[in-house]
Amino acid sequence: MSVDQLSAPLTKDQAYKLVDAVMERDDLALTASAHENEATGEWFFEATCDSPPDLAAFVELARTTLGGAVDFSVAPIDPSINWVARSLEGLPPVIAGGFYVYGSHETGPIPSGLTAMKIDAAQAFGTGHHETTTGCLEAINMVLKRTRPQRMLDVGTGTGVLAIALAKRLKTQVIASDIDPISVKTTAENAAQNGVGKYIIPIEATGVNHLTINRAAPYDLVVANILAGPLTALAPAMGRIVQPGAAIILSGILQRQAPSVIAAYSRQGMVLVQKLQRKDWTTLLLEKR
């Protein structure tokens, strides 16, 4: 199956609005994102679609969402190239929350006093470089300074970086779930590479709807770095699987989306303890009352 990339230069607000509109539908794109060219300051909307994309539908959606015409460009994506890996090759290590996340291309010494994790770019989200991941690592560090969780769940684990961080610090079992089977496989491989394979239980699951997840409840720490919409939908289920006093770390949330996510979890007895903001992204640390 061939895949195309559809893109358009927009303002920052326009790009994010169009991403939200596209992701509310399941018939237009495989992925959609907004990003800034740091060299020029210009913002772009990008979507990955099965070829050929429904260009007329994108144009109409942009018109109704943004109130004007948008000129999209379409380019084929070479399926033989792992573009995720290529785009992340050579990125410097990340230090956040006392963790040191690096790729195999990094040959420098590991700084002392930090918990090191080798996470290479893969066909799964999460090398530690995104603001949502660094926010979660910092929130994890905050939680571990005051408690040692024993029952932990990482929802939307991606490459497993957050589950691995917990397992390396605590030497305790972590269930790492993802809707994507590639992510589940990648997590298992990364856990083994980082010496914590025996602590990580990678499972394919939609949200928290899995027998293994429900049998291991209640949890005293849940981390979920996904998107605001799915997080909001998960709030009632999250409220059922965490115990009183549990820490809940949520990310993948734009700053403007944070109030609605906080409200959804507050209705389930989970109250805001800390809000971490990194660029346009927010990480929430909540506690179950």
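Rules and cut-offs
- Residues numbered from 1 in each chain as written.
- Predicted model: local features only at pLDDT ≥ 70, side-chain atom pairs only at ≥ 80, totals over all residues.
- Heavy atoms only, no water.
- Helix = DSSP H or I, 4+ residues; strand = E, 2+ residues; numbered from the N terminus.
- Rg over C-alpha atoms; globule rule 2.2 N^0.38 Å.
- Buried < 20%, exposed > 50% of the residue type's maximum accessible area, 1.4 Å probe, protein only.
- Contact = heavy atoms within 4.5 Å.
- Areas by Shrake-Rupley, 256 points an atom, 1.4 Å probe, with all protein chains shown as cover.
- Lys, Arg positive; Asp, Glu negative; His and termini not counted.
- Charge placed at Lys NZ, Arg CZ, Asp CG, Glu CD.
- Axes fitted to C-alpha atoms, helices over the stretch in contact; angles between N-to-C directions.
- Parallel < 35°, antiparallel > 145°, perpendicular 65-115°, else oblique.
- Nonpolar A, V, L, I, M, F, W, Y, C, P; charged D, E, K, R; others polar.
- Salt bridge = Lys/Arg side-chain N within 4 Å of Asp/Glu carboxyl O.
- Core = buried A, V, L, I, M, F, W, Y, C linked by side-chain atoms within 4.5 Å.
- Pairing = 2+ DSSP bridges.

I'd love a proper account of the overall build of the protein, names of residues and values included.
Along the backbone of the protein there are nine helices and 14 strands. On C-alpha atoms alone, the protein measures out to a radius of gyration of 19 Å, which is about the 19 Å that the 2.2 N^0.38 rule sets for 289 residues. Seen along its three principal axes, the alpha-carbon backbone of the protein occupies a region of about 55 × 50 × 35 Å. Buried positions account for 48% of the 289 residues belonging to the protein. For the protein, the share of sequence-separated contacts (at least 6 apart) that also reach a separation of at least 24 residues comes to 65%. Here the protein has roughly 13,700 Å² of accessible surface; of this, 52% comes from carbon and sulfur atoms. Looking at charge distribution, the protein has the averaged site of its 24 positive side-chain charges lying 14 Å from that of its 28 negative ones.

Describe the side chain of Glu131, and please don't skip the residues or the numbers.
Locating Glu131 in the fold gives a position in helix 4 (residues 131-146). Among all residues touching Glu131, those that are not within four sequence positions of it are Arg278, Lys279, Trp281 and Thr283.

Explain the packing of helix 8 (residues 228-241) against helix 9 (residues 258-266) residue by residue, including any values.
Taken N-terminus to C-terminus, the directions of helix 8 and helix 9 make an angle of 10°; their axes are 8 Å apart at the nearest point. The angle between helix 8 and helix 9 falls in the class roughly parallel. Each of Ala228, Leu231, Thr232, Leu234, Ala235 and Met238 in helix 8 lies in contact with helix 9, whose residues at this interface are Val261, Ala264 and Tyr265. When grouped by side-chain class, the residues that make up the contact of helix 8 with helix 9 number eight nonpolar, one polar and no charged.

Any chance you could break down the pattern of salt bridges for me, citing the residues and the numbers?
One pass over the full model with this rule turns up eight salt bridges. Of the charged contacts in the structure, one is a salt bridge between Asp280 and Lys12, with a shortest N-O distance of 2.4 Å. On the criterion of sequence distance, the pair formed by Asp280 in the loop between strand 13 (270-278) and strand 14 (281-288) and Lys12 in helix 1 (residues 12-23) is long-range, its members being 268 residues apart. We classify Lys12 as partly exposed; its relative accessible area is 32%. A salt bridge links Lys185 to Glu189, with the shortest nitrogen-to-oxygen separation between them at 2.5 Å. With a gap of four residues between them, Lys185 and Glu189 both fall in helix 6 (residues 181-193), about one helical turn apart.

Account for the environment of Glu60, naming residues and giving values.
Of note, Glu60 is situated in helix 2 (residues 55-66). Using a relative accessible area of 37% as the deciding quantity, one classes Glu60 as partly exposed. C-alpha of Glu60 to C-alpha of Ser266: the two residues are 206 residues apart in sequence and 37 Å apart in space.

Before we move on, could you go through the nonpolar core and cite the residues and values that matter?
Counting 33 residues, the largest nonpolar core has Met117, Leu137, Ile140, Ile200, Val223 and Ile249 as its most contacted members. When residues of this core are traced back to their parent elements, those giving at least two are strand 5 (94-96), strand 6 (99-102), helix 4, helix 5 (161-170), strand 9 (174-178), strand 11 (219-225) and strand 12 (242-254). For this core, the element with the most residues is helix 5, which contributes eight residues. Sequence-distant contacts of Ile200, that is, excluding residues within four places in its chain, are made with Ala163, Ile164, Ala167, Val174, Ala176, Thr187 and Ala191.

Talk me through the sheet that holds strand 5; I want residue IDs and the actual numbers.
Taken in spatial order, the three strands of this open sheet run 5-6-7, and their pairing is mixed. Bordering the open sheet on either side are strand 5 and strand 7 (115-118), each of which pairs with just one other strand. Between one strand axis and the next, the sheet turns through 20° on average, direction left out of account. Across the sheet, helix 4 touches strand 5, strand 6 and strand 7, and the angle it forms with strand 5 is around 40°.

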